[in-house]
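Remarks on the overall topology
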Protein chains: 2
Amino acid sequence: MNSEEEVNDFVKNGHQQYLPHLSIDSVIFGYHDQQLKILLLKWIGLDGWGLPGGFIRRREPLSQAAHRILQERTSLEDLFLQQFHVFGDSPYRLQERSAREFTEKYGLVVGDDNWLFERTLSIGYFALVDYSKVSVRTDFFTTDYRWWDVSDIPPLLFDQNEVVEKALATLRLQIYHQPIGLNLLPEKFTLAEIHSLYETVLGKELDQRNFAKKLVSLGLIKKLAEQRAIGPHRSPYLYQFEKEAYEDALKQGIVHTY
Amino acid sequence: MNSEEEVNDFVKNGHQQYLPHLSIDSVIFGYHDQQLKILLLKWIGLDGWGLPGGFIRRREPLSQAAHRILQERTSLEDLFLQQFHVFGDSPYRLQERSAREFTEKYGLVVGDDNWLFERTLSIGYFALVDYSKVSVRTDFFTTDYRWWDVSDIPPLLFDQNEVVEKALATLRLQIYHQPIGLNLLPEKFTLAEIHSLYETVLGKELDQRNFAKKLVSLGLIKKLAEQRAIGPHRSPYLYQFEKEAYEDALKQGIVHTY
DNA sequence: CCAAAAGTGTTCTTTATACACCCATGG
DNA sequence: CCATGGGTGTATAAAGAACACTTTTGG
């Protein structure tokens, strides 16, 4: 959605294509530089950072909508994507807001009764993606994007800070039952990398030896013959996920402590 | 909602009061007779059993709507109520269905474009309630109700069997992180009762001695001086939840194994 | 040869599991 | 006095936590 014509049509007639009162907000986690990051978009006019999101087509299954929205935004096909909460309590989501504001800022004339300004509940999804594979597409409303460190999220639009908090809490809880990493790390990685990922997500230190022992003994990762040259230091071995064991653990759940 | 007039108004004008395309389905768990049960309603006309549910008022916070719906149905004020999933994938939820059917069965004339027959996503909540304190209110659409054993749920309307399954799965997962029982048991209970509750929810046997040891050592329950007379057997002691420890465990989570 | 990061085992402590007998009660 | 369900402890096994030194590498 980039041309003024398209945008106009979306604003004026979007309610014919999309379900009103409902949107999807995506918290997209990536991992880079030893930091867990999320992707935020800069909304022009509203002058603030917000989550990528979108609407559900009238006859589109919900989970398909969530995938489509993410795919359109990041160009990723395969990703871990999971619903985690519906947000419908915050006063922001109750306001029928800012039609005027919108008109002023975008130069589009819309009425107070426009579908975009009715009360909207938001279904939160979170995704775990390989940072390096994402190519972000911006559009008319969102001219800029940036990966933000989760410990340093700016004030977001509406109640989206709460959405991010809840996504993080869900991820941290889930890591005790399911493996993560397959979608956050490149295919081959070092022990140091996955170790640091887990420390980052959990926000605490994990014993190096115990951690490696655990992952290997669970059969989730396997050591490759390959090593990686990393400058004037000993070369670490590369590891890879055991896909079958990983998928099993995802489905059946495990009880971890790390 | 009982008089024909009220029902007519709800069908014809409900969309002015409620958000369209969205409903709340409640899976209400109760525990009785050593069985985990859920409350189902018999929908007249549709000729089937279904979950209690309702709609969200246009300016009503989501969680408040969930509480209201449950409160109206069960007369309970304090209960454990938790959102667990949004259902928007099943083909049932895509069908704009049965306006004709409806007209035939209820004798109300409604059009195909009536708000009740548009695609509806459902937000699933589950509640844990003290079976003995519930007094169920029926209405025009639901003339009968019954508590069903979770292992013996009949085919439900739409995709509601899936909703029940997911609620159960969520409850079973959650029991590993949070205590349950405070809302399922009467205030004072015996070790045998709570033990059997946990066995029922988890669907497996738990060692009697280890179970009691664990709950007491976690400080979740405390033994009272009182005993209960139970016929020609040794009288069991009564126990009570330690509210503070219980609430803490709810908030902060625990790692159980039982 | 040195700075920096990698790799690797053992001990101790805590937690979980398995298991069986005596006790109290009312009829 | 007896049938029934209640109550309790200990020993073993498994899992988690704590802990430090040697190796490799390129500059």
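Analysis parameters
Residues numbered from 1 in each chain as written. Chains lettered and ligands numbered in written order. Predicted model: local features only at pLDDT ≥ 70, side-chain atom pairs only at ≥ 80, totals over all residues. Heavy atoms only, no water. Pairing = 2+ DSSP bridges. Helix = DSSP H or I, 4+ residues; strand = E, 2+ residues; numbered from the N terminus. Core = buried A, V, L, I, M, F, W, Y, C linked by side-chain atoms within 4.5 Å. Buried < 20%, exposed > 50% of the residue type's maximum accessible area, 1.4 Å probe, protein only. Contact = heavy atoms within 4.5 Å. Least-squares fit on C-alpha atoms with pLDDT ≥ 70 in both. Expected span 1.5 Å × (residues − 1). Near = heavy atom within 4 Å. Polar contact = N/O pair within 3.5 Å; in protein donor to acceptor, adjacent residues only side chain to side chain. Nonpolar A, V, L, I, M, F, W, Y, C, P; charged D, E, K, R; others polar. Buried area = accessible area lost by both parts, 1.4 Å probe. Salt bridge = Lys/Arg side-chain N within 4 Å of Asp/Glu carboxyl O. Domains from an automatic or database assignment. Axes fitted to C-alpha atoms, helices over the stretch in contact; angles between N-to-C directions. Parallel < 35°, antiparallel > 145°, perpendicular 65-115°, else oblique.

1. Some points on the sheet that holds strand β9 (residues 221-227) of chain A
All names here are of chain A. Pairing is antiparallel across the open sheet formed by 3 strands, whose spatial order is β8-β10-β9. The two strands at the open ends of the sheet, each matched to only one other strand, are β8 (189-190) and β9. Taken together, the 2 bridges between β8 and strand β10 (residues 237-241) define a ladder with antiparallel strand orientation. Among the inter-strand pairings, F189 is bridged to a residue of β10, identified as Y239.

2. Observations regarding the nonpolar core
Side chains that are nonpolar tend, in soluble globular proteins, to be buried together. Counting 78 residues, the largest nonpolar core has I123 of chain A together with I123 of chain B as its most contacted members. Other than its neighbours up to four places away in sequence, I123 of chain A contacts L22, S23, I24, D25, I56, L62, Q83, H85 and V86 of chain A together with V86 and L121 of chain B.

3. Some points on the pairing of strand β6 (residues 121-128) of chain B
Residue and element names in this part refer to chain B. Burial runs high along β6: 8 of the 8 residues are buried. Burial of β6 is two-sided: the residues L121, I123, Y125 and A127 facing one way and the residues S122, G124, F126 and L128 facing the other way are all buried. Bridge analysis of strand β1 (residues 22-32) against β6 gives 8 bridges, and the strand direction is parallel. Bridge pairing in β6 places I28 opposite A127. Here strand β5 (residues 80-87) runs beside β6; their pairing, made up of 7 bridges, is antiparallel. Across the sheet, residue F80 finds its bridge partner in β6, namely L128.

4. Points about the relation of the copies chain A and chain B
Least-squares fitting of chain A to chain B yields an RMSD of 0.1 Å, with the superposition described by an axial translation of 0.0 Å and a rotation of 179 degrees. As the rotation angle and translation indicate, the two copies are arranged about a two-fold axis. Comparing interface residues between copies, 100% of those in chain A also lie at the interface in chain B; the contact surface is shared.

5. A look at helix α5 (residues 191-202) of chain B
Its 12 residues place the ends of α5 of chain B 17 Å apart at the C-alpha level, agreeing with the 16 Å of an ideal helix rising 1.5 Å per residue. Among the residues of α5 of chain B, I194, H195, S196, L197, Y198, T200, V201 and L202 of chain B are the ones counted as buried.

6. Overview of the environment of S90 of chain B
Residue and element names in this part refer to chain B. If you trace the backbone, S90 turns up in the loop between β5 and α3 (99-106). Separated by 69 residues in the primary sequence, S90 and D159 place their C-alpha atoms 6.5 Å from one another. Discounting residues that sit within four places of it in the chain, S90 has contacts with D159 and E162.

7. Examining the protein's contact with DNA strand D
Inspection of the region around DNA strand D gives 23 residues, with P232, R234 and Y258 of chain A together with H233 and Y237 of chain B positioned closest. Among the atoms of DNA strand D lying within 4 Å of the protein, the sugar-phosphate backbone contributes 47%. For DNA strand D, a base oxygen lies 2.9 Å from a polar atom in the side chain of R234 of chain A. K213 of chain B places a polar side-chain atom, nitrogen or oxygen, 2.9 Å from a base oxygen of DNA strand D. Contributing elements (two or more residues each) for the surface near DNA strand D: α6 (208-217) of chain A together with α6 (208-217) of chain B. No other element matches the 4 residues that α6 of chain A contributes to the surface near DNA strand D. Residues that form the surface near DNA strand D fall into these classes: 7 nonpolar, 7 polar and 9 charged.

8. So, the interface of chain A and chain B
In this assembly, 26 residues from chain A lie in contact with 26 residues from chain B. For the pairing of chain A and chain B, the buried interface totals around 2200 Å² over both sides, and the portion due to carbon and sulfur atoms is 58%. There are 0 salt bridges connecting chain A and chain B. Seen at the junction of chain A and chain B, the total is 17 residue pairs in polar contact (both at pLDDT 80 or more). Split by residue class, the side of chain A that touches chain B holds 12 nonpolar, 7 polar and 7 charged.

9. Notes on unusual backbone geometry
Apart from glycine, the bulk of residues carry a negative phi angle, and the bulk of peptide bonds sit in the trans form. Positioned with a positive phi, S75 of chain A is a non-glycine residue whose angle comes to about 70 degrees. Within the secondary structure, S75 of chain A is located in the loop between α2 (62-74) and β5 (80-87). Assessed through its relative accessible area of 28%, S75 of chain A is described here as partly exposed. Phi is positive for H21 of chain B, which is not a glycine, with a value near 75 degrees. When you line up the elements, H21 of chain B lands in the loop between α1 (4-17) and β1.

10. What to know about the sheet that holds strand β9 (residues 221-227) of chain B
Residues and elements named next belong to chain B. Read across the open sheet, the 3 strands follow the order β8-β10-β9; overall the sheet is antiparallel. Unpaired on one side and paired on the other, β8 (189-190) and β9 mark the two borders of the sheet. Across 4 bridges, β9 lies against strand β10 (residues 237-241) in antiparallel orientation. Bridge pairing links I221 to F241 in β10.

11. Considerations on the domain arrangement of chain A
Residues and elements named next belong to chain A. For chain A, the domain assignment lists domain 1 (4-174) and domain 2 (189-252). Taking only C-alpha atoms, the centre of domain 1 and the centre of domain 2 are 32 Å apart. Of the residues lining the interface, 7 residues belong to domain 1; the matching set on domain 2 comes to 7 residues. Between domain 1 and domain 2, the buried area comes to about 600 Å², and carbon and sulfur atoms account for 63% of it.

12. What to know about the protein's contact with DNA strand C
Inspection of the region around DNA strand C gives 22 residues, with K223 and Y237 of chain A together with G231, P232 and Y258 of chain B positioned closest. For DNA strand C, the fraction of atoms within 4 Å of the protein that belong to sugar or phosphate moieties is 49%. Between a base nitrogen of DNA strand C and a side-chain N or O atom of R234 of chain A, the distance comes to 3.4 Å. In the environment of DNA strand C, a phosphate oxygen lies 3.1 Å from a nitrogen or oxygen atom belonging to the side chain of K214 of chain B. Elements that contribute at least two residues to the surface near DNA strand C include exactly α6 of chain A together with α6 of chain B. Considering each element in turn, the surface near DNA strand C owes the most residues, 4 residues, to α6 of chain B. Residues of the surface near DNA strand C, tallied by class, amount to 6 nonpolar, 7 polar and 9 charged.

13. Description of the packing of helix α5 (residues 191-202) of chain A against α6 of chain A
All names here are of chain A. At their nearest, the axes of α5 and α6 sit 11 Å apart, and the two run at 100 degrees to each other. Overall, the two elements α5 and α6 adopt an arrangement that is roughly perpendicular. Between α5 and α6, the contacting residues are L191, I194, H195 and Y198 on the first element and Q208, F211, A212 and L215 on the second. When grouped by side-chain class, the residues that make up the contact of α5 with α6 number 6 nonpolar, 2 polar and no charged.

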